[in-house]
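Commentary on secondary and tertiary structure
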Amino acid sequence: MPISSRIDFDIDITHRRTLTRAALAVVALGLIVALAGITVSLVLLFLLLPLIVISVATLIQGALLWYAHRNPPQPRKPRAKMAKRDRLPWAPAKQIPLLATHCLICGRALTNPQSMRARVGSTCIKTHGPRYANVPNPAYEEWQKLQAAAESKRAAEQVQLDAQHQTALVEYNKLLLEWEQEVASPAGLSRSKDRNQGSRLLGVGATTTLTLVAIGVLSIFAA
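How each quantity is defined
Residues numbered from 1 in each chain as written. Predicted model: local features only at pLDDT ≥ 70, side-chain atom pairs only at ≥ 80, totals over all residues. Heavy atoms only, no water. Helix = DSSP H or I, 4+ residues; strand = E, 2+ residues; numbered from the N terminus. Areas by Shrake-Rupley, 256 points an atom, 1.4 Å probe, with all protein chains shown as cover. Patch = residues over 30% accessible without salt bridge, like charges linked within 9 Å, V, L, I, M, F, W, Y side chains within 5 Å. Salt bridge = Lys/Arg side-chain N within 4 Å of Asp/Glu carboxyl O. Expected span 1.5 Å × (residues − 1). Buried < 20%, exposed > 50% of the residue type's maximum accessible area, 1.4 Å probe, protein only. Polar contact = N/O pair within 3.5 Å; in protein donor to acceptor, adjacent residues only side chain to side chain. Core = buried A, V, L, I, M, F, W, Y, C linked by side-chain atoms within 4.5 Å. Contact = heavy atoms within 4.5 Å. Phe/Tyr/Trp six-rings, centres within 6.5 Å; stacked < 30°, edge-to-face > 60°. Lys NZ or Arg CZ within 6 Å of the ring centre and 35° of its normal.

A separate point is the overall build of the protein chain. Scanning the protein chain from terminus to terminus reveals six helices and two strands. Counted from the first residue to the last, the protein chain has its helices and strands arranged as α-α-β-α-α-β-α-α. For the protein chain, the accessible surface area stands at approximately 15,800 Å², while carbon and sulfur atoms represent 64% of it.

Structure follows, in structure tokens:
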């Protein structure tokens, strides 16, 4: 490790220890004052106010220090998109009944829709039964053509989306590498140290503030 970096590292550790000792001293002083307020007089509780102010100031300082030394936002990995198929009407029946205009048994003309569907007249059907038959539905064939066209269009759009996703992935990997190099650079490491210091100040300030406030409340109720 270079001498300058070692010196900066030692100074940073010394600074951290100083901050930790100062925070512990504030907490200890607050406990002593609170206990004195409980046993002597509520007037001494006002001594907690300056300590709370100091704790809140430490909390705010830590929050600002952490916020000011955040890392730049990490690039977001692009997500693959799925092409959507155009909506199609409901699929018609694959087959439709084959209607007859004349009875298949006797040859008489049929006028009843049910007899036309059975292809046998109402008299002959009692003896010979119906002669149902189905044929392919032309409407279903047209629907299949619409479905094939929609699938072809969706597949073409999916090819374009996949190509765009691959291009975005290449750009993302490039940006991610630049981001990682920036974070690992001396400026990024220095920023990380300042951010960690801000986090510690934030934690110490929050803990001290909550402790002093809790002690003050307990002192009031105890008095």
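On we go.
Together, Val56, Ile60 and Leu64 give the surface a local cluster of nonpolar side chains, amounting to about 260 Å² of exposed area. Following the sequence through the fold, isoleucine 60 ends up in helix 2 (residues 48-68).

With that settled, consider helix 5 (residues 138-184). Along its 47 residues, helix 5 runs 68 Å from first to last C-alpha, staying within 8% of the 69 Å computed at 1.5 Å per residue. Regarding helix 5, the residues found buried are Tyr140, Trp143, Ala150, Gln158, His165, Leu169, Tyr172, Leu176 and Trp179. Between the side-chain oxygen of the N-cap and the backbone nitrogen of alanine 139 there are 3.1 Å, and the N-cap of helix 5 in question is asparagine 137.

This part covers the nonpolar core. Counting five residues, the largest nonpolar core is built from Ala100, Cys103, Leu110, Val120 and Cys124. If we ignore the near neighbours within four places in the chain, the residues touching leucine 110 are Ala100, Thr101, His102, Cys103, Ser115, Met116, Arg119, Val120 and Gly121.

Going through the model one piece at a time under the given rule, you end up with one aromatic pair. The cationic tip of arginine 70 hangs over the ring face of tyrosine 67; the distance from NZ or CZ to the ring centre is 3.8 Å.

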